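Working through the structure, step by step
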Amino acid sequence: MRQSTITSIICTLCVLSTVIISFIVYMDIDNSFSFGFMLGYIFFIIIVSLYWIITLIINIKNIKWFELRKRLFKFIGLFISFSAAIYIFNYIFRSSEIGIYDLSTPLAMALSLTFFDLVFFKDKES
């Protein structure tokens, strides 16, 4: 597997712009350039997310059913494990009400660990 050029460029831009945004927020810089940069960053993150979702869907179509089934079982196992860990830690450390929003982090972690290579890498044969 090798990483595609456009994905490398997108990841580099994302890391650099995140560092710049962190600096702007930490230093509390308030001018028109920083506001425009933040709006551009938000727009960039939305476009990149859509690109990664489309790439994932296209690459899922190209894998065999056995591989997809294996990945789905891995996703379900990871999601259940992460959800259980979140609920246990919330019960131990934060005895408050557990809401549905607690499922977003395990869902994102399970999806990224299961389908990471389909988004960021492409086969050498391609």
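Residues numbered from 1 in each chain as written. Predicted model: local features only at pLDDT ≥ 70, side-chain atom pairs only at ≥ 80, totals over all residues. Heavy atoms only, no water.

In this section: the environment of aspartate 102. Summarising the element assignment, aspartate 102 is placed in the loop between helix H3 (65-93) and helix H4 (104-120). What makes aspartate 102 buried here is its relative accessible area of 8%. For the pair formed by aspartate 102 and asparagine 90, sequence separation is twelve residues and the distance between their alpha carbons is 9.3 Å. (Helix = DSSP H or I, 4+ residues; strand = E, 2+ residues; numbered from the N terminus. Buried < 20%, exposed > 50% of the residue type's maximum accessible area, 1.4 Å probe, protein only.)

Here we come to the packing of helix H2 (residues 32-61) against H4. Look at H2 against H4: their axes get within 8 Å of each other, and the N-to-C directions meet at 95 degrees. As judged from the angle between their axes, H2 and H4 are roughly perpendicular. Here Trp52, Thr55, Leu56, Asn59 and Ile60 of H2 lie close against H4, whose contacting residues are Phe115, Leu118, Val119 and Phe120. The residue makeup of the contact of H2 with H4, split by class, is seven nonpolar, two polar and no charged. (Axes fitted to C-alpha atoms, helices over the stretch in contact; angles between N-to-C directions. Parallel < 35°, antiparallel > 145°, perpendicular 65-115°, else oblique. Contact = heavy atoms within 4.5 Å. Nonpolar A, V, L, I, M, F, W, Y, C, P; charged D, E, K, R; others polar.)

As a further point, take the environment of valine 25. Tracing the chain through its elements places valine 25 in helix H1 (residues 5-27). Linking valine 25 and methionine 38, residues 13 residues apart in sequence, is a C-alpha distance of 9.6 Å.

To continue, consider the packing of aromatic side chains. One pass over the full model with this rule turns up two aromatic pairs. Ring plane angle 15 degrees and centroid distance 6.1 Å describe the contact between phenylalanine 75 and phenylalanine 79, whose orientation is recorded as stacked. Here phenylalanine 75 pairs with phenylalanine 79, and both are found in helix H3, just four residues apart, close to one helical turn. (Phe/Tyr/Trp six-rings, centres within 6.5 Å; stacked < 30°, edge-to-face > 60°.)

Taken together, the side chains of Phe35, Leu39, Ile42, Phe43, Ile46, Ile47, Leu50, Ile53 and Ile57 define a hydrophobic patch exposed on the protein surface, amounting to about 900 Å² of accessible area. Here leucine 50 shows up in helix H2. (Patch = residues over 30% accessible without salt bridge, like charges linked within 9 Å, V, L, I, M, F, W, Y side chains within 5 Å. Areas by Shrake-Rupley, 256 points an atom, 1.4 Å probe, with all protein chains shown as cover. Salt bridge = Lys/Arg side-chain N within 4 Å of Asp/Glu carboxyl O.)

The final tally for this structure, using the stated rule, is zero disulfides. Free of any disulfide, cysteine 11 has its nearest neighbouring cysteine sulfur in cysteine 14, separated by 7.0 Å. Classification of cysteine 11 by relative accessible area gives partly exposed; the value is 24%. Classification of cysteine 14 as buried rests on a relative accessible area of 16%. (Disulfide = S-S within 2.5 Å.)

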